[in-house]
Protein chains: 2
Amino acid sequence: MKDFIIKGCFLDSESPEKLRIVEAGYLPVVGGVCRGIFPVIPEQFQPLPVTDCGDKLILPGMSDLHVHAPQFAFRGLGMDMELLDWLNSYTFPEEAKYSDPAYAEKAYAGFVDSLVHSTTTRAAIFATVHPAATLGLMAQLEQSGLRSYVGKVNMDRNCPDTVREPDAKTAVRETERWICDAGSRFHHTKPILTPRFIPTCSDALMAGLKDLQRKYSLPVQSHLSENFGEIAWVRELSPASGCYGEAYQRFGLFGGDHPCIMAHCVHSTDRELELIRQNGVFIAHSPESNMNLASGVAPVSRYLELGLNVGLATDVAGGSSLSLLRAMMHAIQASKLRWRLLDDSIRPLSLEQAFYLATVGGGAFFGKVGRFAEGYDFDAVVLDDSSLFHPQPLDPRSRLERAVYLADDRHIAAKYVAGKKIF
Amino acid sequence: MKDFIIKGCFLDSESPEKLRIVEAGYLPVVGGVCRGIFPVIPEQFQPLPVTDCGDKLILPGMSDLHVHAPQFAFRGLGMDMELLDWLNSYTFPEEAKYSDPAYAEKAYAGFVDSLVHSTTTRAAIFATVHPAATLGLMAQLEQSGLRSYVGKVNMDRNCPDTVREPDAKTAVRETERWICDAGSRFHHTKPILTPRFIPTCSDALMAGLKDLQRKYSLPVQSHLSENFGEIAWVRELSPASGCYGEAYQRFGLFGGDHPCIMAHCVHSTDRELELIRQNGVFIAHSPESNMNLASGVAPVSRYLELGLNVGLATDVAGGSSLSLLRAMMHAIQASKLRWRLLDDSIRPLSLEQAFYLATVGGGAFFGKVGRFAEGYDFDAVVLDDSSLFHPQPLDPRSRLERAVYLADDRHIAAKYVAGKKIF
């Protein structure tokens, strides 16, 4: 990896409420890591080559905390059902196709290509129950230069035979083999334990996954409190749990000793939020998906006030697009309707907050990611918004806001992950 | 204008609930008008040249019932306020710049170019109070091949001097001169009376506009029941009116004898809806704008059930984009949150309903527009969605749904307005 200096107009988050904007700054990248932003090149970095991005915007790479790779194939389709019917009608039939590695390779190529050309540099990804297809996806991701966690999904009940693992023991054995295969093959594409959600995972399976977590020290990702029907079902399946989160907690799969991402948390109770806080669980806020499946709107600005770990997610194919810029737009819009229609004591998200979620909020799951502060991995997106017509100059904050609503893959001029230019 | 036959996969609305899909159909266009869709070319049309669109989707041109051309310059910006503050902070200062015809020409060029490359073929457009700039906009629109109504805005109170007409008499005189100038210069770009909204229009101005309507037989467009603060203000200004709509009605500027578009109708009372129904007023549903300005969500599926005239609108720059595909997405998403958060007795919009609003619903304001039925103007968008990755074939309805969420100007291969190919 080569060291270099990148010059341009930098934007990152100082806090959820405040942007930092540095115009015409010089950022030395040494060993893939940011060494600060300077108005002139400090002497010690003078020998490094300079990449001049002119007045293009340089944003931190964004982290997608929850996305289903196999669902990319039907993104933008089947938006006429709520969660449980949608899973049975669209999701499970599509995921069943990934038993065929040739289909999986073709479909995952589309996903990875689209992810590469988005603002995303890091992602926590659901695959399917199929180990071979999941390893294939991981190979493509590793090749892409992105950094990610990928989960072979576990399900051993309450789903069609085509996507159900035969029993808990087999599921755990195959998952362990997949973990070992992945660990030996990939550096930047790491396995994450992925019980789909409580309804599809038996107690024996959950206990087996906890054993794997202890043995291999792996993070976990799953779904939480997305939809009323789902929550009621979990209450039936796990009557001793005081909240949905406790149904994971009783197996030790709810953060605490190992990192954990829970997608959605639209309807989390105070008790559940307290457990999330205590255990440092990351909430993957998925605003477009929560609209499309009519789940509702998570009170995200409250979660920020409570100091919870919250990041942003596209949740394709509940969400239609892999764009985290678009997810920022949806997060802001959904929060405004929540404020207007449901509860005006919880303020809508600001641009600053949505940007924080997409960069720092989710980035924290991956280490020192999501800022240009010294010591952070240099993940960056170079945004060329010159083709977005405007009759007069705009300041950097305005350019960022406009990008949230209007930019797409055409406007991404370059992307860096941990100091490496991936295009 | 040349007659021709166009071949491809046609989609249009049979009703708000039902799509019509004709694959590999032949549609003869004679004098700019559809002559039906046939599985083979009828003998009488055999001499006509055939344009073969392969398996591209051919959709009716869409109608944007409410859009502010001068606000295109700040689309995607300033999304952090409600309506009245937003008008004062962003909108009026920008609109004031259109007193400079050179600025107007440059800014309007961006608007018209973007509109041409959208799915919109017809639009009802607000300009500013400035006659010269408005005529310049109309000249650009006429040149583009689009068909539209354009309104020189009227305001003579409750707004900054920079955008206020000096008094009602001058406003009416300048408006009349503009009407005559426009009428003599343009065929497909027609003037529409445009009192901005009740708060900015004195009684004398409204009465004068009614006189112009009688004299020149013009339609009218304005705003209605968008935001609680606005509605309360109208109640103060027009205490005798039983609803906001009656504040227009008492001047005869609320449909009935002349066509009328009212944007928003988010918070219309039953009394107002009955007046809308009786007078055949067109509701311009502006879902993204109503999210961005935190206004709320109009109960559109109820309006369809009531048999009201409803079309779709981008309302740039309350909305960020001129794309009516995206407006369909936002309409569906907003309706789902309304159902979930506010009132589950009003069903979310289906894809079919949103498509109907964008094509037939708004098209009806412009004549026989928005369908491929015999006798309708041939307004069409040829959609090439082949670059939207999918690992397997999709049926036409699925392709339409996916386009709503994912297509942009790159996917529009050609566009026709009243039989003329504009690109």
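Residues numbered from 1 in each chain as written. Chains lettered and ligands numbered in written order. Predicted model: local features only at pLDDT ≥ 70, side-chain atom pairs only at ≥ 80, totals over all residues. Heavy atoms only, no water.

Draft legend 1. Spotlight on the relation of the copies chain A and chain B. Rotating chain A by 180° about the axis while translating it 0.0 Å along that axis superimposes it on chain B, leaving an RMSD of 0.0 Å. Such a turn and shift between the copies fits a two-fold axis. (Least-squares fit on C-alpha atoms with pLDDT ≥ 70 in both.)

Draft legend 2. A look at the side chain of Arg-75 of chain B. Examined against the element boundaries, Arg-75 of chain B turns out to sit in the loop between strand S5 (62–68) and helix H1 (83–96). Comment: no salt bridge for buried Arg-75 of chain B; closest opposite-charge side chain is Asp-113 of chain B, at 8.8 Å. Here the side chain of Arg-75 of chain B touches Phe-389 of chain A through a polar contact of 2.9 Å, landing on its backbone oxygen. Excluding residues that lie within four positions of it along the chain, Arg-75 of chain B makes contacts with Leu-388, Phe-389, Arg-402 and Leu-406 of chain A together with Val-316, Ala-317 and Ser-320 of chain B. (Helix = DSSP H or I, 4+ residues; strand = E, 2+ residues; numbered from the N terminus. Buried < 20%, exposed > 50% of the residue type's maximum accessible area, 1.4 Å probe, protein only. Lys, Arg positive; Asp, Glu negative; His and termini not counted. Salt bridge = Lys/Arg side-chain N within 4 Å of Asp/Glu carboxyl O. Polar contact = N/O pair within 3.5 Å; in protein donor to acceptor, adjacent residues only side chain to side chain. Contact = heavy atoms within 4.5 Å.)

Draft legend 3. Molecular detail of the interface of chain A and chain B. Counting residues at the interface gives 51 residues for chain A and 51 residues for chain B. Of the roughly 4500 Å² buried at the junction of chain A and chain B (both faces included), carbon and sulfur atoms supply 56%. Of all residues in chain A, Arg-340, Leu-341 and Phe-389 of chain A bury the most surface against chain B, accounting for 14% of the area lost on that side. Taken together, chain A and chain B are joined by six salt bridges. The partner of Arg-410 of chain A in a salt bridge is Asp-409 of chain B, and the shortest N-O contact between them spans 3.0 Å. Taken together, the connections running from chain A to chain B amount to 38 residue pairs in polar contact (both at pLDDT 80 or more). Secondary-structure elements contributing two or more residues to the side of chain A that touches chain B are helix H2 (101–116), helix H9 (287–292), helix H11 (324–341) and helix H13 (396–406) of chain A. For the side of chain A that touches chain B, the element with the highest residue contribution is H11 of chain A, accounting for 11 residues. Along the lines of polarity and charge, the residues of the side of chain A that touches chain B split into 22 nonpolar, 14 polar and 15 charged. (Buried area = accessible area lost by both parts, 1.4 Å probe. Nonpolar A, V, L, I, M, F, W, Y, C, P; charged D, E, K, R; others polar.)

Draft legend 4. Representation of the sheet that holds strand S11 (residues 220–224) of chain B. All names here are of chain B. The strand order across the open sheet built from four strands is S11-S12-S13-S14, with neighbouring strands paired in parallel fashion. On the outer flanks of this sheet lie S11 and strand S14 (309–312), each paired with one strand and no other. Strand after strand, the sheet turns through a mean of 30° between neighbouring axes, direction not considered. The sheet contact formed by S11 and strand S12 (residues 260–264) spans five bridges and is parallel. Counted as the bridge partner of Gln-221 is Ile-261 from S12. (Pairing = 2+ DSSP bridges. Axes fitted to C-alpha atoms, helices over the stretch in contact; angles between N-to-C directions.)

Draft legend 5. Looking closely at the packing of helix H3 (residues 131–144) of chain A against helix H4 (residues 168–185) of chain A. Residue and element names in this part refer to chain A. Contact geometry of H3 with H4 gives a least axis separation of 10 Å together with a crossing angle of 20°. Classified by the angle their axes make, H3 and H4 are roughly parallel. Judged by the sense of rotation from one axis to the other, the crossing of H3 with H4 is right-handed. Touching Pro-131, Thr-134, Leu-135, Met-138 and Ala-139 of H3 are Glu-174, Trp-178, Asp-181, Ala-182 and Arg-185, all from H4. Class assignment for the residues of the contact of H3 with H4 results in six nonpolar, one polar and three charged. (Parallel < 35°, antiparallel > 145°, perpendicular 65-115°, else oblique. Left-handed = near helix turned anticlockwise from the far one by under 90°.)

Draft legend 6. A look at the packing of aromatic side chains. Residue and element names in this part refer to chain A. Using the criterion set out here, one finds 34 aromatic pairs over all chains in the structure. Their ring planes at 35° and their centres at 5.8 Å tell us that Tyr-149 and Phe-366 sit as a pair that is tilted. Highlighted residues: Tyr-149 in strand S7 (residues 147–151) and Phe-366 in the loop between helix H12 (351–363) and strand S15 (380–383), separated in sequence by 217 residues. Like Tyr-149, the residue Phe-366 is buried in the burial classification. Joined through ring pairs, the aromatic side chains of Phe-4, Phe-10, Phe-372, Phe-378 and Tyr-416 make up one cluster. Between Arg-75 and the ring centre of Phe-72, over which it is positioned, the NZ or CZ distance is 4.0 Å. (Phe/Tyr/Trp six-rings, centres within 6.5 Å; stacked < 30°, edge-to-face > 60°. Lys NZ or Arg CZ within 6 Å of the ring centre and 35° of its normal.)

Draft legend 7. The arrangement of the sheet that holds strand S6 (residues 120–126) of chain A in detail. Residue and element names in this part refer to chain A. Here four strands make up an open sheet; going across it, the order is S5-S6-S7-S9 and the pairing parallel. The open sheet has two edge strands, strand S5 (62–68) and strand S9 (189–191), and neither has a second partner. Between one strand axis and the next, the sheet turns by 20° as a mean value, whatever way the strands run. Where S7 and S9 come together, three bridges link them in parallel fashion. Within the sheet, the bridge partner assigned to Val-150 lies in S9 and is Pro-191. Sitting on the sheet, H3 touches S6, S7 and S9, and the angle it makes with S7 is about 175°.

Draft legend 8. Up close: helix H12 (residues 351–363) of chain B. All names here are of chain B. Over its 13 residues, H12 extends 17 Å from the first C-alpha to the last, a length consistent with the 18 Å expected when each residue adds 1.5 Å. Leu-357 marks the point of greatest bend in H12, at about 45°. In terms of residue burial, H12 counts as a mostly covered element, since 13 of its 13 residues are buried. (Expected span 1.5 Å × (residues − 1). Bend = angle between axes of the 7 residues up to and from the residue.)

Draft legend 9. Quick peek at the domain arrangement of chain A. Residues and elements named next belong to chain A. Splitting chain A by domain gives domain 1 (4–59 + 371–421) and domain 2 (62–366). Centre-to-centre separation of domain 1 and domain 2, based on C-alpha positions: 29 Å. Both sides of the domain 1 and domain 2 interface together cover about 2200 Å² of buried area, and 66% of this is carbon and sulfur. Contact with domain 2 buries area across many residues of domain 1, yet Pro-16, Val-404 and Lys-415 alone supply 26% of it, more than any other trio. (Domains from an automatic or database assignment.)

Draft legend 10. A look at the packing of H11 of chain A against helix H11 (residues 324–341) of chain B. Closest axis-to-axis distance for the H11 of chain A/H11 of chain B pair is 11 Å, and the angle between their directions is 40°. Classified by the angle their axes make, H11 of chain A and H11 of chain B are oblique. Remark: the crossing between H11 of chain A and H11 of chain B carries right-handed chirality. Contacts between H11 of chain A and H11 of chain B involve Arg-326, Met-329, His-330, Gln-333, Ala-334, Leu-337, Arg-338 and Leu-341 of chain A from the former and Arg-326, Met-329, His-330, Gln-333, Ala-334, Leu-337, Arg-338 and Leu-341 of chain B from the latter.

Draft legend 11. Focus on the pairing of strand S16 (residues 412–417) of chain A. Residue and element names in this part refer to chain A. Counting buried residues in S16 gives five out of six residues, a clear majority hidden from the surface. Both S15 and S16 contribute to a ladder of four bridges, which runs antiparallel. From the neighbouring strand, Leu-383 faces S16, where its bridge partner is Ile-412. Looking at chain direction, S16 and strand S17 (residues 420–421) are connected through two bridges and run antiparallel. Bridging from a neighbouring strand, Val-417 pairs with Lys-420 of S17.

Draft legend 12. Up close: the nonpolar core. Grouped together as the largest cluster of nonpolar side chains are 232 residues, with contacts concentrated most on Phe-111 of chain A together with Phe-111 of chain B. Sequence-distant contacts of Phe-111 of chain B, that is, excluding residues within four places in its chain, are made with Val-67, Ala-69, Phe-72, Ile-125, Leu-137, Leu-141 and Leu-322 of chain B. (Core = buried A, V, L, I, M, F, W, Y, C linked by side-chain atoms within 4.5 Å.)

Draft legend 13. Just the environment of His-117 of chain B, in detail. Residues and elements named next belong to chain B. Turning to its location among the elements, His-117 is positioned in the loop between helix H2 (101–116) and strand S6 (120–126). Classification of His-117 as partly exposed rests on a relative accessible area of 33%. Considering only alpha carbons, one finds His-117 and His-223, 106 residues apart in sequence, at a separation of 27 Å. Sequence-distant contacts of His-117, defined by excluding residues within four places in its chain, comprise Asp-409, Ile-412 and Phe-423.

Draft legend 14. Broad picture of H11 of chain A. Residues and elements named next belong to chain A. End to end, H11 covers 25 Å across 18 residues, agreeing with the expected 26 Å (1.5 Å per residue, within 8%). Extensive coverage of H11 is indicated by the burial of 17 of its 18 residues. Backbone nitrogen of Leu-325 and a side-chain oxygen of the N-cap are separated by 3.3 Å at the start of H11; the cap is Ser-323.

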